[in-house]
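# Working through the structure, step by step
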There are 2 protein chains.
Amino acid sequence: MYPQVLKTLIATDCIIVGIEEGTLKLLVIKRPIPPLKDRWSLIGTFLGIEETAHQAAHRVLYSATGLNNIYLDQLHTYTRPDRDPGGRVISIAHFALIRIADYHNNSSKQVGSKWFALNDLPKLIFDHDNMVNDALAKLRERAKFNPIAFELLSEYFTLKQLQNFYEELYQQKFDTANFRKKVLSYSFLVKTNKKVKDTSKKGSFLYRYDRKIYEELRSKEFKIRFI
Amino acid sequence: MYPQVLKTLIATDCIIVGIEEGTLKLLVIKRPIPPLKDRWSLIGTFLGIEETAHQAAHRVLYSATGLNNIYLDQLHTYTRPDRDPGGRVISIAHFALIRIADYHNNSSKQVGSKWFALNDLPKLIFDHDNMVNDALAKLRERAKFNPIAFELLSEYFTLKQLQNFYEELYQQKFDTANFRKKVLSYSFLVKTNKKVKDTSKKGSFLYRYDRKIYEELRSKEFKIRFI
DNA sequence: GCAAAAGTGTTCAGATTACACCCATGG
DNA sequence: CCATGGGTGTAATCTGAACACTTTTGC
């Protein structure tokens, strides 16, 4: 139907973020195909014929981690003609948030992939370093107003772990008293009667995030800020 | 280099927004090519061989409006396999902010294009209605923290015009006293000694936006909210 | 002088900040 | 019994919303 103008390959690359022991980490892979085979790379794939970019990203996430139902959002599309020395390929980058514990518990994950702390990342191929920076910037924006912390933390977490996530993401300390008051002022953090004692003698209570309560609040047009 | 997987056409479509007489408007065009020739459509083009999406969007904006140096930002990439009945085409949507007065003053604009008020838009082809909705949502988000109002208003404007922009974008009224206090609390709105008398007998002072001052403020990590 | 838009001041409630303080417990 | 991290209370300050008010000018 259309005149024969440029046709290109479409890729999707995923910036996969998780938090472990208070440190933000990124899942990358030793690139399995040329060019630049065996160099560190984001995990990606080419778009299939009957597939949206979102579906392709979910497909590659499943093959990399064995997990479904992952938080996934389109980030930006990278189109520089020389970005991939293997040919003209544009890449629709997505970012994904993962509970690393779930990842470790899952057997069907891909070999050759590895979690790196953000401040210890190897050089990535192509423009993947840019993608990571853009993803982190977007994550910082989004985390101020959206409950994405709970996509990374495990189901039950302490308030200190929650605070650690924000401190790690924004690279700054927050006052504990004020932080607790703020997040507890909303009702969607539900205190359980379980205590965990791995960081103190007193032990600290576990909380869980109640999505229903959050969404009800949100629908009432409340301004909900996390930080 | 890569195996022969799917190659597709890449398009870019522009959501071109302006404000005129207190009303937000969108620039659309009677589609010049089949399929759906002569139906209302966003203005777009196919990506050239040695071109980024950003460059292609600027190219199509120039041909549509005769203007360069337009505020342009990537919005989202639309990839549904059936989105274009003419073939598999993915579209990298951008949104652009225009001073409509500049547009009218310019002779080299494309014929067949037309400004519609947002609440009077005709049905657009393909998924272009979705694109418009997504663009407006993003604009609303962005306008809270970024000085994009000044990309739409002319160089000199009254505070009432500025307020009108926000009232139009968010479809709600703001208290004039509080609005003025807020925007004037930052120093980047510079009062001139010119008055304009087309809406009142008293007349109202014109202000201009000083980008340098804004950027200096911003670099000092101030939290700058517009609304 | 008066209507009408431009522009200012005052008040009060709620949020934010800084910081001092209490609590529980394993060693 | 005390060091340590968990958890709470409070006063000072800042911000935002509401609304009453003054100013200027053409008719």
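An unreviewed UniProt entry annotates chain A as NUDIX domain-containing protein of Gangjinia marincola.

Next up on the list: the interface of chain B and chain A. Listed as interface residues are 35 residues of chain B and, on the opposing side, 35 residues of chain A. Taking both partners together, chain B and chain A bury about 3,000 Å²; carbon and sulfur atoms supply 65% of that area. Looking at the side of chain B facing chain A, the largest losses of area belong to B:Y2, B:L6 and B:L9, adding up to 22% of the total buried there. Connecting chain B to chain A are zero salt bridges. Inspection of the chain B/chain A interface yields 18 residue pairs in polar contact (both at pLDDT 80 or more). Residue assignment for the side of chain B that touches chain A shows that the elements contributing at least two residues are β1 (7-20), β5 (71-78) and β6 (89-97) of chain B. With four residues, β1(B) is the largest single contributor of residues to the side of chain B that touches chain A. Pairing between strand β1 (residues 7-20) of chain A and β1(B): three bridges, direction antiparallel. Counted as the bridge partner of A:L9 is B:K7 from β1(B).

Okay, the environment of A:F145 next. When you line up the elements, A:F145 lands in helix α3 (residues 128-145). Here the alpha-carbon distance between A:F145 and A:K114, two residues 31 residues apart in the chain, equals 30 Å. Setting aside its immediate chain neighbours within four residues, A:F145 contacts A:Y214, A:R218, A:I224, A:R225, A:F226 and B:F145.

Further remarks concern the sheet that holds strand β9 (residues 189-196) of chain A. The antiparallel open sheet is built from three strands, whose spatial order is β8-β10-β9 (chain A). Of all strands in the sheet, those with a lone pairing partner are β8 (156-157) and β9 of chain A, marking the two edges.

In the vicinity of DNA strand D, 18 residues are found, and the nearest of them are A:R180, A:K181, A:K202, B:K182 and B:K202. Interatomic distance of 3.1 Å between a side-chain N/O atom of A:K202 and a base nitrogen of DNA strand D. A distance of 3.5 Å is found between a base nitrogen of DNA strand D and a side-chain nitrogen or oxygen belonging to B:K181. Contributing elements (two or more residues each) for the surface near DNA strand D: α6 (176-185) and β10 (204-209) of chain A together with α6 (176-185) of chain B. Residues that form the surface near DNA strand D fall into these classes: three nonpolar, five polar and ten charged.

In this description, a pair of aromatic rings is defined by centroid distance and the angle of the planes. Residues and elements named next belong to chain A. Taken as a whole, this structure holds 32 aromatic pairs over all chains when the rule is applied. Geometrically, the ring pair formed by W40 and F116 is edge-to-face, given 5.0 Å between the ring centres and 80° between the ring planes. Pair noted here: W40 is in strand β3 (residues 40-41) and F116 is in strand β7 (residues 113-117), with a separation of 76 residues, a long-range link. For F116, a relative accessible area of 9% puts it in the buried group. Following the ring pairs from residue to residue traces out a cluster consisting of F150, F157, Y186, F188, Y209, Y214 and F226. For K109, the ring lying beneath its charged end belongs to Y103, and the centroid distance is 5.0 Å.

Let us now look at the domain arrangement of chain A. Residue and element names in this part refer to chain A. Taken domain by domain, chain A consists of domain 1 (9-144) and domain 2 (149-219). One C-alpha centre belongs to domain 1, the other to domain 2, and the line joining them spans 27 Å. Counting from both sides, the interface comprises 14 residues of domain 1 and, opposite them, eleven residues of domain 2. For the pair domain 1 and domain 2, the summed buried surface comes to about 1,200 Å²; carbon and sulfur atoms form 65% of the total.

Turning our attention to unusual backbone geometry. All names here are of chain A. Cis peptide bonds are those with omega within 30 degrees of zero, and the linkage from P34 to P35 qualifies with -5°. Relative to the assigned elements, P35 resides in the loop between β2 (23-30) and β3. Backbone geometry places N69, a non-glycine residue, at a positive phi of 55°. Tracing the chain through its elements places N69 in the loop between α1 (53-65) and β5 (71-78). For N69, a relative accessible area of 79% puts it in the exposed group.

Reading guide: rules and limits
- Residues numbered from 1 in each chain as written.
- Chains lettered and ligands numbered in written order.
- Predicted model: local features only at pLDDT ≥ 70, side-chain atom pairs only at ≥ 80, totals over all residues.
- Heavy atoms only, no water.
- Contact = heavy atoms within 4.5 Å.
- Buried area = accessible area lost by both parts, 1.4 Å probe.
- Salt bridge = Lys/Arg side-chain N within 4 Å of Asp/Glu carboxyl O.
- Polar contact = N/O pair within 3.5 Å; in protein donor to acceptor, adjacent residues only side chain to side chain.
- Helix = DSSP H or I, 4+ residues; strand = E, 2+ residues; numbered from the N terminus.
- Pairing = 2+ DSSP bridges.
- Near = heavy atom within 4 Å.
- Nonpolar A, V, L, I, M, F, W, Y, C, P; charged D, E, K, R; others polar.
- Phe/Tyr/Trp six-rings, centres within 6.5 Å; stacked < 30°, edge-to-face > 60°.
- Buried < 20%, exposed > 50% of the residue type's maximum accessible area, 1.4 Å probe, protein only.
- Lys NZ or Arg CZ within 6 Å of the ring centre and 35° of its normal.
- Domains from an automatic or database assignment.

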